[in-house]
Amino acid sequence: MKRTMLSGNEAIARGAFEAGVKVASAYPGTPSTEILENIARYSTIDASWAPNEKVALEVGIGASFGGGRALVAMKHVGVNVAADPLFTLSYTGVRGGLVLVTADDPELHSSQNEQDNRNYAKFAKIPMFEPSDSQEALDFTRLALEVSERFDTPVMLRTTTRISHSKSVVEPGEPAAGPSTAGCIEKNPAKFVMLPGNARKRHTVVEERLRSMEEWACHQSFNRIEVGEGKVGVITSGVSYLYAKEILPDADILKLGLVYPLPKQLIRDFASRYDTLYVIEELDPFIEEQVRALGIAVHGKDLLPICGELTPARLNKALTAKDVQNYFVPSEPLPNRPPNMCPGCPHRSIFYSLNRLKAFVTGDIGCYTLGFMEPLSAMDTCICMGASIGNATGMTKVLDPEEARRVVAVIGDSTFLHTGINGLMDMVYNKSTATVLILDNRITAMTGRQENPGSGYTLMGEETTRIDLEALCRSVGVKHVTVIDPYDIEHTRNVIKTEMQRPEVSVVIARRPCMLVKRDPVKRQPSLAVDADKCTGCRACLQLGCPAIEWQPDAGDKGKAVINPLLCCGCGLCSQMCHFDAIGVRHEG
Ligand code: SF4
Ligand code: SF4
Ligand code: SF4
């Protein structure tokens, strides 16, 4: 077929289509999100957003057990959520092939940690492929599904942000129908029911599977040797392969497509040829430690950084001690642009109010994590998806009652449905007194506005049942559920203040659609303007941190505010802040 440019994520979607995948499920998370968004374009695949990664994998497992091929995608931290079914799936094996894509994020471009998920493959005893470009992302997706069925195992496919988001040339293949067993039930409790007696036997199967895969992998073309000048040897994989080729163009390279289990004999044979052998890999010494365990001396993390992306510049510096600049540097210094919520974001007034009320805020993952930034400065913890509520419960258990009243958990609608609901059940059951604020903007905003069970739409854009958050909270035993409009600052602050004083669990749902959701009826208001004659330079409006409000330090005695009409969406929050009636509707002309 005609060659084309695809990102790694687009190529994985194409590979799933070509391999005859029947079901794909995911929870959005950068850098994995576009995999499902692209799969949704193939009508032969049932693609859906799950409320969390564990559910996504469980859906994939069901499809596989039914005989269909399945693909499940998530970012690296999502695998932590899905780890429970994953480790047992390693024991049961599959029927239809099952691929779990983990999109890792070296350098933490958009994540709360920098974990290296190659370790999951070893820990769960399942094979892991690692593509180095988009062509391999497509090919390895197909291959992984075949390997999954051949060795009766789930297979992981690991990408990193550079592979997920960068584009390279791909030659698409012809689509296949997938296994013919799709949709038929096969009773086999010894394989699928992991009671201890069955699981013990399956553990033995898992170990034998790994041994036979390791031998098989020594003779497969995805683990290949590229011959250079024969003086220096390099063992590498993934995006590090491209960097190694760039910095050491004359080296002999053993490029590993399958990073677990490693082809030990192939590695022994390769290593025996060199006095100088490098293992070039990003983040953890995953390959290096296994190579050293074979009794082979290598250079690896004694030279290379263990933290952050392994860029060509960093690799060059590590190997040659030369600080060579091989990346673009702008000729003019660029202004610093710290991340900020959009103008008109419904979350802004919430954090302003929490700051004023001197709340201690246990936060969560989403756009609202930006409530941590100045001038709002109203987020005090942030651990992982859904942790805010449990964190608040724990705090209230150790603080004296007066201090405990200051604790407020803040969580978004999607994150609440992801895993926050579990924390709320615990909060009610174990009699916590904290207040929970659910910021319901009717979408999964931070990853790019994906639907969720609270939005009322599926990934395919079909209308569906919308989870009633108020009813859900009441159903787990919350007696005090209040819905507020966060655009009304005074009411918002009064309700939060009242609920913070309440000596039992209460939930406040702050409901306003995200400004960027097109289908929700957010009526854009005319932009506002500052009347310079009335502005006293009190700076109260600046406390909102709205990027549309600019400051003119030389105007008047103290400076004056001015509103950028290109950014302002007329939400009206700033006019509520101004006690001098200086902010009103802009009159053009
Ligand atoms: S994307 Fe939506 S929720 Fe996120 S900061 Fe912008 S307006 Fe707020
Ligand atoms: S709050 Fe009103 S008076 Fe104060 S700086 Fe802003 S526009 Fe000017
Ligand atoms: S009305 Fe005020 S707070 Fe709202 S977007 Fe415009 S400048 Fe920002």
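Everything numeric here is computed off the predicted structure, so don't read it as measured data. (Residues numbered from 1 in each chain as written. Chains lettered and ligands numbered in written order. Predicted model: local features only at pLDDT ≥ 70, side-chain atom pairs only at ≥ 80, totals over all residues. Heavy atoms only, no water.)

If you tally the helices and strands in the protein chain, you get 20 helices and 23 strands. On C-alpha atoms alone, the protein chain measures out to a radius of gyration of 27 Å, which is about the 25 Å that the 2.2 N^0.38 rule sets for 589 residues. Each principal axis of the C-alpha distribution contributes one length, and for the protein chain these read about 80 × 60 × 50 Å. Burial status across the protein chain gives 55% buried among its 589 residues. (Helix = DSSP H or I, 4+ residues; strand = E, 2+ residues; numbered from the N terminus. Rg over C-alpha atoms; globule rule 2.2 N^0.38 Å. Buried < 20%, exposed > 50% of the residue type's maximum accessible area, 1.4 Å probe, protein only.)

Let's shift gears to the pairing of strand S3 (residues 46-49). Of the two faces of S3, the one lined by Ala47 and Trp49 is fully buried and the one lined by Asp46 and Ser48 carries no buried residue. Of the strand pairs in this sheet, strand S2 (residues 23-26) and S3 are connected by 4 bridges, and their pairing is parallel. Pairing of Ala26 across the sheet is with Trp49, part of S3. This β-α-β element, S2 to helix H2 (residues 34-39) to S3, shows right-handed connectivity. (Pairing = 2+ DSSP bridges. Right-handed = clockwise from strand over helix to strand, strands pointing away.)

This part covers the environment of Leu573. For Leu573, the location among the structural elements is in helix H20 (residues 573-577). In sequence terms Leu573 and Cys546 are 27 residues apart; their C-alpha atoms lie 9.2 Å from each other. Other than its neighbours up to four places away in sequence, Leu573 contacts Arg348, Ser349, Pro486, Tyr487, Ile489 and Leu544. (Contact = heavy atoms within 4.5 Å.)

Moving on: the site of ligand 3. Close contacts around ligand 3 come from 13 residues, with Cys546, Cys568, Cys571, Gly572 and Cys574 the closest. By residue class, the composition of the shell around ligand 3 is 10 nonpolar, 3 polar and no charged. (Near = heavy atom within 4 Å. Nonpolar A, V, L, I, M, F, W, Y, C, P; charged D, E, K, R; others polar.)

Turning next to the site of ligand 1. Ligand 1 sits among Met341, Cys342, Cys345, His347, Cys367, Asn441, Ala445, Cys514, Met515 and Leu516. Judged by the proximity of its atoms to the pocket grid, ligand 1 belongs to the largest pocket. Each residue belonging to the shell around ligand 1 can be placed in one class, and the counts come to 8 nonpolar, 2 polar and no charged. (1 Å grid on protein atoms, 1.4 Å probe; cavity = no way out; pocket = protein on both sides within 12 Å on 5 of 7 lines; lining within 4 Å. Sits in = over half its atoms within 2 Å of the grid points.)

So, about the environment of Cys538. Take Cys538: it is sitting in the loop between strand S20 (528-530) and strand S21 (549-552). Here the alpha-carbon distance between Cys538 and Ile350, two residues 188 residues apart in the chain, equals 22 Å.

By a frequent convention, interface size equals the accessible area lost on bringing the separate parts together. Here the protein chain is described as being made up of domain 1 (4-218), domain 2 (224-320), domain 3 (346-511) and domain 4 (528-585). Its C-alpha centre places domain 1 at a distance of 51 Å from the equivalent point of domain 4. (Domains from an automatic or database assignment.)

Mapped onto the present numbering, the UniProt feature "binding site: [4Fe-4S] cluster 1" (unreviewed entry) falls on Cys535, Cys538, Cys541 and Cys578. Spatial clustering of the annotated residues is evident: they stretch over 44 residues in sequence, but the largest pairwise C-alpha distance comes to 10.5 Å. Considering only the annotated residues already named, the ones lining the second largest cavity are Cys535, Cys538, Cys541 and Cys578. Mapped onto the elements of the fold, Cys535 is located in the loop between S20 and S21. Ignoring anything within four residues of it in the chain, the contact list for Cys535 reads Val530, Lys560, Ala561 and Ala582. What makes Cys538 partly exposed here is its relative accessible area of 39%. (UniProt positions renumbered as here; feature names shortened; annotations may be inferred.)

This next bit is on helix H15 (residues 387-398). Residues separated by three or four positions in an α-helix point in the same direction, a consequence of the helix having 3.6 residues per turn. Compared with an ideal rise of 1.5 Å per residue, which puts 12 residues at 16 Å, H15 spans 17 Å between its outermost C-alpha atoms and is within 8% of the ideal. When we look at burial in H15, the residues that qualify are Ala387, Ser388, Ile389, Ala392, Thr393 and Thr396. Contacts made by the buried residues of H15 are with strand S14 (360-363), helix H16 (401-404), strand S16 (407-412), helix H17 (413-429) and strand S17 (435-440). (Expected span 1.5 Å × (residues − 1).)

Now for the pattern of salt bridges. Using the criterion set out here, one finds 30 salt bridges in the structure. Here Arg511 ties to Asp440 by a salt bridge, and the two come within 2.7 Å at their closest N and O atoms. Taken together, the residues Arg511 in strand S19 (residues 506-511) and Asp440 in strand S17 connect sequence positions 71 residues apart. According to the relative accessible area criterion, Arg511 is partly exposed, its value standing at 21%. Given a relative accessible area of 2%, Asp440 falls into the buried group. Through salt bridges that share partners, Asp104, Asp116, Arg118, Glu130, Arg158 and Glu281 make up one connected network. (Salt bridge = Lys/Arg side-chain N within 4 Å of Asp/Glu carboxyl O.)

A few words on H17. The largest bend in H17 is about 70°, located at Thr419. The buried fraction of H17 is high, at 12 of 17 residues. (Bend = angle between axes of the 7 residues up to and from the residue.)

Let us look at unusual backbone geometry. Each neighbour pair has its own omega, and for Tyr260 with Pro261 the value is -5°, a cis peptide bond. In this structure, Pro261 sits in the loop between strand S12 (258-260) and helix H11 (264-271). Here the residue pair Glu374 and Pro375 is connected by a cis peptide bond, since its omega of 0° sits within 30 degrees of zero. The topology assignment puts Pro375 in the loop between S14 and strand S15 (381-382). The backbone phi angle of Asp581 is positive, close to 55°, even though this residue is not glycine. Judged by relative accessible area, Asp581 falls into the exposed class, the value being 56%.

Within the structure shown, the criterion is met by 3 cavities of 30 Å³ or more. For the largest cavity, the calculated volume is near 110 Å³. What lines the largest cavity is a set of 15 residues, and nearest its centre among them are Cys546, Ile549, Cys568, Cys571 and Cys574. Looking at the lining of the largest cavity residue by residue, the class counts come to 12 nonpolar, 3 polar and no charged. The computed volume of the second largest cavity comes to approximately 90 Å³. Every residue lining the second largest cavity is counted, 15 residues in all, and those nearest its centre are Cys535, Cys538, Cys541, Cys578 and Ala582. Each residue belonging to the lining of the second largest cavity can be placed in one class, and the counts come to 11 nonpolar, 2 polar and 2 charged. (Points joined across faces, edges and corners; volume = space filled by probe spheres on them.)

Next up on the list: the sheet that holds strand S13 (residues 276-280). With mixed pairing, 4 strands are arranged side by side in an open sheet as S9-S11-S10-S13. Sheet topology places strand S9 (224-226) and S13 at the edges, where each strand pairs with a single neighbour. Each adjacent strand pair in this sheet contributes to an overall mean axis angle of 20°, direction not counted. As paired strands, strand S10 (residues 232-237) and strand S11 (residues 252-256) are joined by 5 bridges and run parallel to one another. By the bridge assignment, Ser237 is partnered in S11 with Leu256. In the packing of helix H10 (residues 238-247) onto the sheet, the strands contacted are S9, S10, S11 and S13, and the crossing angle to S10 comes to about 150°. Along the sheet face, H11 touches S9, S10, S11 and S13 and points at about 170° away from the line of S11. (Axes fitted to C-alpha atoms, helices over the stretch in contact; angles between N-to-C directions.)

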